[in-house]
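An overview of the molecular structure
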Amino acid sequence: GDGDGDGGDGDDDAVAAAAAERRLEAERDPLSRIAMVPLADLLNHHTGRNNARLFYDADALSMNAIRTIPAGAEIVNTYGSHGNAELLRRYGFAEHDNRHDVVEIPWSLVVDTCRARQVGSLDAKLACLEAQELADDSLVVERRGAGSLPACGGGAAASFITPFLSASTLHCLRVLFARDPTFRRFDPPSDSDDDDSDDDEAAGVASEQANGASRDAARRAARLKALAALGTECLDFLIALVNARQTTYATPLADDEAAVAAQQQQPRPADVSALRRRFALLVRLGERRLLEGLAESCRVARASAVYAASHPTAGPGDGRKDAGKRRGEAAAAGGGQRKRRK
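Residues numbered from 1 in each chain as written. Predicted model: local features only at pLDDT ≥ 70, side-chain atom pairs only at ≥ 80, totals over all residues. Heavy atoms only, no water.

Details of unusual backbone geometry
Here Q118, not a glycine, exhibits a phi torsion of approximately 55 degrees, which is positive. By the secondary structure assignment, Q118 is in the loop between α3 (107-116) and α4 (122-131). Of note in the backbone geometry, E133 takes a positive phi value of approximately 60 degrees without being a glycine. Along the chain, E133 falls in the loop between α4 and β6 (138-142). In this structure E133 comes out as exposed when scored by relative accessible area, which is 73%. (Helix = DSSP H or I, 4+ residues; strand = E, 2+ residues; numbered from the N terminus. Buried < 20%, exposed > 50% of the residue type's maximum accessible area, 1.4 Å probe, protein only.)

Printed below as a string of structure tokens:
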């Protein structure tokens, strides 16, 4: 009996050691965790609406429900918080109105726009960012869960997304538009400075519906505040940069909007080429809506910054209200002028 017991303890130790070795191997080589998982890989993905997810145990994988699933309902997995470009690249499909969309603005376009606007001490600032290893291939604009909210006071867009700019992106912009030589005193950010993350995958459907609007409003307020802190010169630059990036697309934004709207009224294409074009259009429209949202957000933030500078005791929301009022007055005045010209 004792011999059997000793052998059992030894087996347990061997299993634990093997599991520990597998964990170490996974840490050394993340690709070792990538594999086809029978049955689990049959489940579809739906951003923010999954009712099950895959869990990694020491020596097994398990697909567990994360909320009650009614009889006959589809079991939906999550492939992660990916934008449409990443979903299309990895899995071959894209989603309508993906809250994890991302758009990249090439660094070369950033530099060209800076030169066109004659940003001061540009070469020294670029050298500073290169020394900090922040002069990357692109500036990244992320949606990070934001919904599309109404424009303040009837802006150019009926509704728009206020995107997320990472701490690294904000740092680059501060350096580029700092007064020489103050830019040399800016410390590069750490990864912990990006505290705007939001795990929509873990949120329940009821919670999402109940709290989504308030979360979007809170996101917008915080992101507009960060934009306003950049100053009017930088915000004007960002609007010009967005306009330059929009010109790299072959079609007008309105045409892409109309094409996607028409697609939503049609059944899923059986032809593979047509399906690929449909997904590619969703990727492109998601990027362009983010760019449009950034430009509109910069306009609102600029108006708030100007108002705050002239009204030091104003509340945080007064600038946006005043911006909307001024835009409405400007629109009315413009209409009156057009009538008088007639």
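Observations regarding the layout of surface pockets
Here the second largest pocket defines a volume of roughly 600 Å³. Taken together, 23 residues line the second largest pocket, and the ones lying closest to its centre are H45, H46, A94, E95 and H96. Ranked by the residues each element gives to the lining of the second largest pocket, the list is headed by helix α9 (residues 272-310), at four residues. Taken together, the residues of the lining of the second largest pocket sort by class into seven nonpolar, eight polar and eight charged. (1 Å grid on protein atoms, 1.4 Å probe; cavity = no way out; pocket = protein on both sides within 12 Å on 5 of 7 lines; lining within 4 Å. Points joined across faces, edges and corners; volume = space filled by probe spheres on them. Nonpolar A, V, L, I, M, F, W, Y, C, P; charged D, E, K, R; others polar.)

Quick look at the confidence of the model for the chain
Residues of the chain with pLDDT of at least 70 account for 72%, and the chain-wide mean is 80. Low pLDDT, under 50, characterises residues 1-8; the predicted model gives this stretch zero contacts beyond four residues in sequence or across chains. Throughout residues 329-342 the model reports pLDDT below 50, and contacts reaching past four residues in sequence, or to other chains, amount to zero contacts. (pLDDT = per-residue confidence, 0-100. Contact = heavy atoms within 4.5 Å.)

Observations concerning the packing of aromatic side chains
Any pair of aromatic rings gets described here by the distance separating the centres and the angle formed by the planes. In this structure the tally under the stated criterion is three aromatic pairs. On the numbers, 4.6 Å between centres and 45 degrees between planes, the contact of Y79 with Y91 is tilted. Of this pair, Y79 sits in the loop between β4 (76-77) and α2 (84-91) while Y91 sits in helix α2, and the two are 12 residues apart along the sequence. Residue Y79 is classed as partly exposed on the basis of its relative accessible area, which comes to 22%. Taking relative accessible area as the criterion, Y91 reaches 37% and is therefore assigned partly exposed. For the pair F177 and F237, a centre-to-centre distance of 5.0 Å together with 50 degrees between the ring planes defines the contact as tilted. Here the residue F177 occupies a position in the loop between α5 (167-176) and α6 (205-228), and F237 occupies one in helix α7 (residues 232-246), the gap between them amounting to 60 residues. With relative accessibility at 0%, the residue F237 sits in the buried group. By way of ring pairs, the aromatic residues Y79, Y91 and F93 are connected into one cluster. Looking at R220, its charged tip hangs above the ring of F160, at a distance of 3.9 Å from the centre. (Phe/Tyr/Trp six-rings, centres within 6.5 Å; stacked < 30°, edge-to-face > 60°. Lys NZ or Arg CZ within 6 Å of the ring centre and 35° of its normal.)

Some thoughts on the packing of α3 against α4
Look at α3 against α4: their axes get within 11 Å of each other, and the N-to-C directions meet at 155 degrees. As the angle between them shows, α3 and α4 are arranged roughly antiparallel. Crossing hand, α3 versus α4: right-handed. On α4, the residues touching W107, V111, C114 and R115 of α3 are L122, D123, L126 and L129. Tallied by class, the residues present in the contact of α3 with α4 amount to six nonpolar, no polar and two charged. (Axes fitted to C-alpha atoms, helices over the stretch in contact; angles between N-to-C directions. Parallel < 35°, antiparallel > 145°, perpendicular 65-115°, else oblique. Left-handed = near helix turned anticlockwise from the far one by under 90°.)

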